[in-house]
Amino acid sequence: MAGYKIKELFTLEKKPTKGLLPLEWAILVYLLFTSVLMAVMYTRLHTPGEMFSFRVRVLVLMFAMWGIYRLLPCRLVLLARVVVQMVMLADWYPDTYEFNRCFDNLDHVFCDIEQTLFGCQPSIEFSRLLPWGIVSEPLDLGYFSYYPIIVFTALFYFFCRKQEFMKAVYVIMSAFFLFYAVFIFVPVAGPTFYFKAVGLDVIEQGVFPAIGNYFETHHDLQGDCLPSPGWTGGIFWHLVEVAKWAGERPTAAFPSSHVGVTTVCMLLLWRTRNRKVFFSVLPLAVLMFFATFYIQAHYLIDALAGLVVGVAFYFLAIKSYAIFERR
């Protein structure tokens with residue numbers, strides 16, 4: 001069976017997809033939307049040249065992979081087309097920071113909501129209540145499992161539900177871009193950046209100062225981001241820290257895309273009706289939810305909103321895919 005599947009990867013398809021893939025159309029829509037936004041905000045943007053060149057690279061890679069697939073229309077090249085665009089999500093994420101740092105920061109509003117709803121800042125109290133490695137390491141594992149869950153979901157569909165593979169990756173990618181569109185206009189950096197900017201002592205006094213456009217100029221990641229709480233000697237603690245230094249920006253806190261996209265993946269796995277797979281991944285998804293505010297990447301309301309918005313974006317993406325099914 002395994003040998004057959006490997007051979008199938010290189011078998012030329014009898015009816016290859018002639019045009020762009022659904023997920024590539026989703027990328028083009030987001031690219032066009034943000035390009036128009038760039039034109040409107042051009043004088044406020046700090047790196048418009050880099051943002052423009054990035055979009056050119058996305059287009060060049062997209063059509064280069066399309067050309068390769070036309071020459072060798074097999075499942076392996078099809079997978080490569082998808083992988084190339086999913087890898088570039090890591091570059092689309094900091095792109096939201098280039099937009100939203102032009103707006104006044106809203107973290108003080110979210111801190112105030114947290115205080116009103118819970119009587120404290122859960123992103124501080126949770127880690128203080130449970131500081132031990134036996135708690136922090138599983139939660140750090142959950143947070144670190146974000147991309148592995150996405151990759152696993154896509155590959156499970158590719159190998160085990162190949163007729164729905166295009167739909168699954170379209171839903172995942174569409175969810176990402178819907179979250180990114182929200183992040184552009186909701187400039188919330190998250191506790192790890194905001195608490196460091198105003199000082200933990202100020203937050204603990206119940207004071208949440210508005211900092212305006214502070215993050216427009218402050219983006220030295222190693223200096224502006226709090227270290228994760230918990231056991232600093234843990235393997236997953238270090239992996240989370242490496243991931244933070246490698247790609248975090250003071251952006252994308254509300255709603256939590258970590259929780260939201262993970263929710264989308266769990267709904268896709270539930271859709272396969274393979275309960276063993278679903279319940280095998282579910283513990284990581286649960287750890288992910290609690291980890292987002294334990295490590296102070298998000299406020300608790302970010303995580304709760306991520307659940308709700310993730311479900312909404314899942315069904316929106318499923319509905320919009322019907323456009324391609326009618327073609």
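Report follows, based on the coordinates. (Residues numbered from 1 in each chain as written. Predicted model: local features only at pLDDT ≥ 70, side-chain atom pairs only at ≥ 80, totals over all residues. Heavy atoms only, no water.)

Moving on, we get to the packing of aromatic side chains. Two descriptors summarise a pair of aromatic rings, namely the distance from one centre to the other and the angle between the planes of the rings. Under the defined criterion, the tally for this structure stands at 37 aromatic pairs. A ring pair is formed by Y30 and F33, whose centres lie 6.3 Å apart and whose planes are at 50°; its orientation type is tilted. Of this pair, Y30 and F33 both sit in helix 2 (residues 22-40), 3 residues apart, which is roughly one turn of that helix. Judged by its relative accessible area of 4%, Y30 is buried. Stacked on the ring of F158, the Lys or Arg R75 has its end atom at 4.1 Å from the ring centre. The aromatic ring of W270 is capped on one face by R275, whose charged end is 3.5 Å from the ring centroid. (Phe/Tyr/Trp six-rings, centres within 6.5 Å; stacked < 30°, edge-to-face > 60°. Helix = DSSP H or I, 4+ residues; strand = E, 2+ residues; numbered from the N terminus. Buried < 20%, exposed > 50% of the residue type's maximum accessible area, 1.4 Å probe, protein only. Lys NZ or Arg CZ within 6 Å of the ring centre and 35° of its normal.)

In this structure, W92 and Y180 are the most contacted members of the largest nonpolar core, which totals 84 residues. The leading source of residues in this core is helix 10 (residues 165-185), at 15 residues. The contacts of Y180, once residues within four sequence positions are left out, are Y30, L89, W92, Y93 and T96. Listed in part, the 19 residues of the second largest apolar core include I124, F193, I211 and A253. (Core = buried A, V, L, I, M, F, W, Y, C linked by side-chain atoms within 4.5 Å. Contact = heavy atoms within 4.5 Å.)

This part is about helix 11 (residues 191-198). Extensive coverage of helix 11 is indicated by the burial of 6 of its 8 residues. G199 occupies a position one or two residues after helix 11 and carries a positive phi of about 100°.

Note on pairing: side chains with opposite charge can pair once their charged atoms come close. If you walk through the whole model with that rule in mind, you get 8 salt bridges. The partner of K162 in a salt bridge is E8, with the nearest N and O atoms 2.9 Å apart. With K162 in the loop between helix 9 (146-160) and helix 10 and E8 in helix 1 (residues 2-10), the pair connects residues that are 154 residues apart, well separated along the chain. A salt bridge links R101 to E98; the shortest N-O distance between them is 2.8 Å. Comparing R101 with E98 shows no difference in burial state: the two are buried. (Salt bridge = Lys/Arg side-chain N within 4 Å of Asp/Glu carboxyl O.)

Structurally, A80 can be placed in helix 4 (residues 75-87). A80 sits in the partly exposed class, given a relative accessible area of 27%. A80 sits 85 residues away from F165 along the chain, and the two C-alpha atoms are 13 Å apart.

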